[in-house]
Amino acid sequence: MKTTKIRKSAKGQYCQGRIPGYCNSNPETVVLAHRNGGGMALKNPDFQAAYLCSGCHSFCDGGWTRSNYSKNEMLVMFYEAIFRTQELLIEKQLLIIKE
């Protein structure tokens with residue numbers, strides 16, 4: 001898998017998932033976690049991903065099924081994390097909005 005500037009930018013960032021009971025708040029474990037559904041052996045684009053710690057990443061990758069959260073609640077939390085990450089990427093000029 002190709003490493004991109006956006007993927008590299010996740011290193012040392014704060015988790016944008018902030019999922020109660022799962023977030024470990026450890027920037028050393030943060031990666032760019034992609035939204036599921038890209039297709040067999042494919043990932044969605046980097047702008048459809050969030051800076052997640054290992055705890056939140058595990059939760060969004062299926063850990064929610066062993067929790068008191070519903071799939072819809074997990075999706076809302078993950079999408080909110082994507083939006084917060086997009087704001088950071090815009091600030092870093094790694095995601096450019098053309099007007």
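Above this text you will find the structure in question.
Since the structure is predicted, the reported quantities are computational estimates derived from the model, not experimental observations. (Residues numbered from 1 in each chain as written. Predicted model: local features only at pLDDT ≥ 70, side-chain atom pairs only at ≥ 80, totals over all residues. Heavy atoms only, no water.)

## As for the nonpolar core
Then, in step 1: Counting 23 residues, the largest nonpolar core has Leu52, Phe59, Cys60 and Phe78 as its most contacted members.
Then, in step 2: For this core, the elements supplying multiple residues, two or more each, are strand E1 (31-34), strand E2 (49-52), helix H2 (54-60) and helix H3 (71-91). (Core = buried A, V, L, I, M, F, W, Y, C linked by side-chain atoms within 4.5 Å. Buried < 20%, exposed > 50% of the residue type's maximum accessible area, 1.4 Å probe, protein only. Helix = DSSP H or I, 4+ residues; strand = E, 2+ residues; numbered from the N terminus.)

## Overview of the pattern of salt bridges
Then, in step 1: One pass over the full model with this rule turns up one salt bridge.
Then, in step 2: One salt bridge in this structure joins Asp46 and Arg7, with 2.9 Å as the shortest N-O distance. Of the two residues, Asp46 sits in the loop between E1 and E2 while Arg7 sits in helix H1 (residues 5-8), which places them 39 residues apart along the sequence.
Then, in step 3: Of the residues examined, Asp46 reaches a relative accessible area of 11% and is grouped as buried. (Salt bridge = Lys/Arg side-chain N within 4 Å of Asp/Glu carboxyl O.)

## Here we look at unusual backbone geometry
Then, in step 1: If you check the backbone angles, Ser25 has positive phi at about 55 degrees while not being a glycine.
Then, in step 2: On the basis of relative accessible area, Ser25 is assigned to the exposed category, the value being 54%.
Then, in step 3: Residue Gln93 is not a glycine yet carries a positive backbone phi of 60 degrees.
Then, in step 4: Within the element layout of this structure, Gln93 appears in the segment after H3.
Then, in step 5: Taking relative accessible area as the criterion, Gln93 reaches 62% and is therefore assigned exposed.

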